[in-house]
Amino acid sequence: MLSNPLFDVLRAYGTLQPPKSIRKEDITFNPLHSFLLDHILLSHHFEAFPPSKQYQSSFWRWAIDWLEELVADEARHILTETFDEIDERIYTHHIDLVQELSSHNLGAIPPSASYLTYLWPSEHPPAHPVYPGHANATLLESRTIIEGGTTGLRTWSASLVLAQYLLSSELVQGKRALELGCGVGFLGIVSATIQLEDAGRTSSLWLTDVHDPVLQRCEDNLRLPCNQSHKHPDLELRTFDWFDAADPQGSSFARALFDQAQPDVILGADVVYDPSIIPPLIDTLVLALARPNRGNRRKAYIALTQRNEETLLQFVRQAEERLSVEIVTTSLAADNIFTSSAELGQSASAQVVKIFKLQSTAV
């Protein structure tokens, strides 16, 4: 896919990419200035679902510096007495942000939750797209690693990679899909959007998580009017604890959940964050994949970021003892189409994400 430097700026703004890491491509003043006005500052979408004020302030300082550099460069090389000027609304917006933030003591306050907007090319974009020819997933996310005792209130690399895999395949179109550990709902929004684009086939989507506040945030995000997911006719959200799958009393609840959802495909991303969670996850997958659905073997697609090699190996070893396991793709997190931001301050190029396909060994 050819890079569009102006779209790359929009993508970076929507996903809160640090401004200093945004590449300043060879762009002249007028197209950059018009794009910043039309697609960011005056965008109805970003007015309704804006990035945090802290991020906006740093972004517009960076953008103003770039525009002023272009004006100065034009003055040096073009023999004319009139030069392009930066629209006063850009300066005013930045000044308002600085004044508002300076009135608060932000030194000891963690970053506030923020809307993030992820974009991807689509043959069926919404009626009022954030950017022409693109669909979007907009979510209110935490900007800290842990909030309320959980890491589930932000989107992680493996979700981005698995979402891109779903967009390039037909794993959820016309299928009954269920996600384990849905978090704030990024993968759910993308899956719902994919299913809605295939209006000719009936599909359903079940999203599960153990933390009620996370599940509530997920539902709020899926119901945002800017997300196509708010139109999905068969969308369910359920609290689900994987430890129930191994518990004699809880297993009946787990079986009832899978019997009701009747999933053809099970999804999970960044669900192996600690070795202690691996056994209940495997128990859950074994239970979920045990029965054929509509005569077909159920499949699970689990995307994991390789942060700790030993933890990943433990998952593979334990899964292979009870299930059929296949690596379907290995890629760098940086290769995703949604954002080039890196989680936890690491270099995105160093993050490897593997997607596993798991099935029951029973024929």
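The paragraphs below set out a description of the structure included in this document. Note that the structure is a prediction, hence the values are computed from the model and not measured.

**Considering the overall build of the protein**
No. 1: Along its length, the protein carries 11 helices and nine strands.
No. 2: Computed over its C-alpha atoms, the radius of gyration of the protein comes to 22 Å, within 12% of the 21 Å expected for a compact globule of 363 residues.
No. 3: The dimensions of the protein, computed from C-alpha atoms along their principal axes, are 80 × 50 × 30 Å.
No. 4: Across the 363 residues of the protein, 50% fall into the buried class.

**Remarks on the environment of Ala256**
No. 1: Position of Ala256 among the secondary structure elements: in helix H9 (residues 250-261).
No. 2: When the C-alpha positions of Ala256 and Ala63 are compared, they lie 54 Å apart, and in sequence the two are 193 residues distant.

**Some remarks on the nonpolar core**
Within soluble globular proteins, side chains that are nonpolar tend to cluster in buried spots.
No. 1: Leu36, Phe59, Trp60 and Phe186 are the most contacted members of the largest nonpolar core, which totals 73 residues.
No. 2: Setting aside residues no more than four positions away along its own chain, Phe186 makes contact with Tyr118, Ala137, Leu139, Thr155, Ser159, Leu160, Ala163 and Phe338.
No. 3: Counting 31 residues, the second-largest nonpolar core is a separate cluster that includes Leu178, Leu304, Phe315 and Leu323.

**So, the packing of helix H2 (residues 29-41) against helix H5 (residues 88-102)**
No. 1: It is at 11 Å that the axes of H2 and H5 come closest, and there the two elements cross at 55°. Between H2 and H5, the crossing angle belongs to the class labelled oblique. In this structure, H2 crosses over H5, and the sense of that crossing is left-handed. Across the interface between the two elements, His33, Leu37 and Leu41 from H2 touch Arg89, Ile90 and His93 from H5.
No. 2: Broken down by class, the residue content of the contact of H2 with H5 amounts to three nonpolar, two polar and one charged.

**Considerations on the packing of aromatic side chains**
No. 1: Evaluated as defined, the whole model comprises 17 aromatic pairs.
No. 2: Ring centres of Phe49 and Tyr115 lie 5.4 Å apart, and the angle between their planes is 80°; on these two criteria the pair is classed as edge-to-face. One end of the pair, Phe49, is in the loop between helix H3 (44-48) and helix H4 (53-77); the other, Tyr115, is in strand S1 (residues 114-121), and 66 residues separate them in sequence.
No. 3: Residue Phe49 is classed as buried on the basis of its relative accessible area of 12%.
No. 4: Exposure remark for Tyr115: the relative accessible area of 22% places this residue in the partly exposed category.
No. 5: Between Phe315 and Phe356, the ring centres sit 5.8 Å apart and the planes meet at 70°, which makes this aromatic pair edge-to-face. Note that Phe315 is positioned in helix H11 (residues 309-320) and Phe356 in strand S9 (residues 352-360), a separation of 41 residues in sequence.
No. 6: The exposure class assigned to Phe315 is buried, which follows from its relative accessible area of 0%.

**What to know about the pairing of strand S5 (residues 235-239)**
No. 1: Taken together, the five bridges between strand S4 (residues 204-209) and S5 define a ladder with parallel strand orientation. Opposite Trp206, over in S5, you have Glu236 as the bridge partner.
No. 2: In this fold, the crossover linking S4 to S5 by way of helix H8 (residues 212-222) has right-handed handedness.

Definitions and limits used
Residues numbered from 1 in each chain as written. Predicted model: local features only at pLDDT ≥ 70, side-chain atom pairs only at ≥ 80, totals over all residues. Heavy atoms only, no water. Helix = DSSP H or I, 4+ residues; strand = E, 2+ residues; numbered from the N terminus. Rg over C-alpha atoms; globule rule 2.2 N^0.38 Å. Buried < 20%, exposed > 50% of the residue type's maximum accessible area, 1.4 Å probe, protein only. Core = buried A, V, L, I, M, F, W, Y, C linked by side-chain atoms within 4.5 Å. Contact = heavy atoms within 4.5 Å. Axes fitted to C-alpha atoms, helices over the stretch in contact; angles between N-to-C directions. Parallel < 35°, antiparallel > 145°, perpendicular 65-115°, else oblique. Left-handed = near helix turned anticlockwise from the far one by under 90°. Nonpolar A, V, L, I, M, F, W, Y, C, P; charged D, E, K, R; others polar. Phe/Tyr/Trp six-rings, centres within 6.5 Å; stacked < 30°, edge-to-face > 60°. Pairing = 2+ DSSP bridges. Right-handed = clockwise from strand over helix to strand, strands pointing away.

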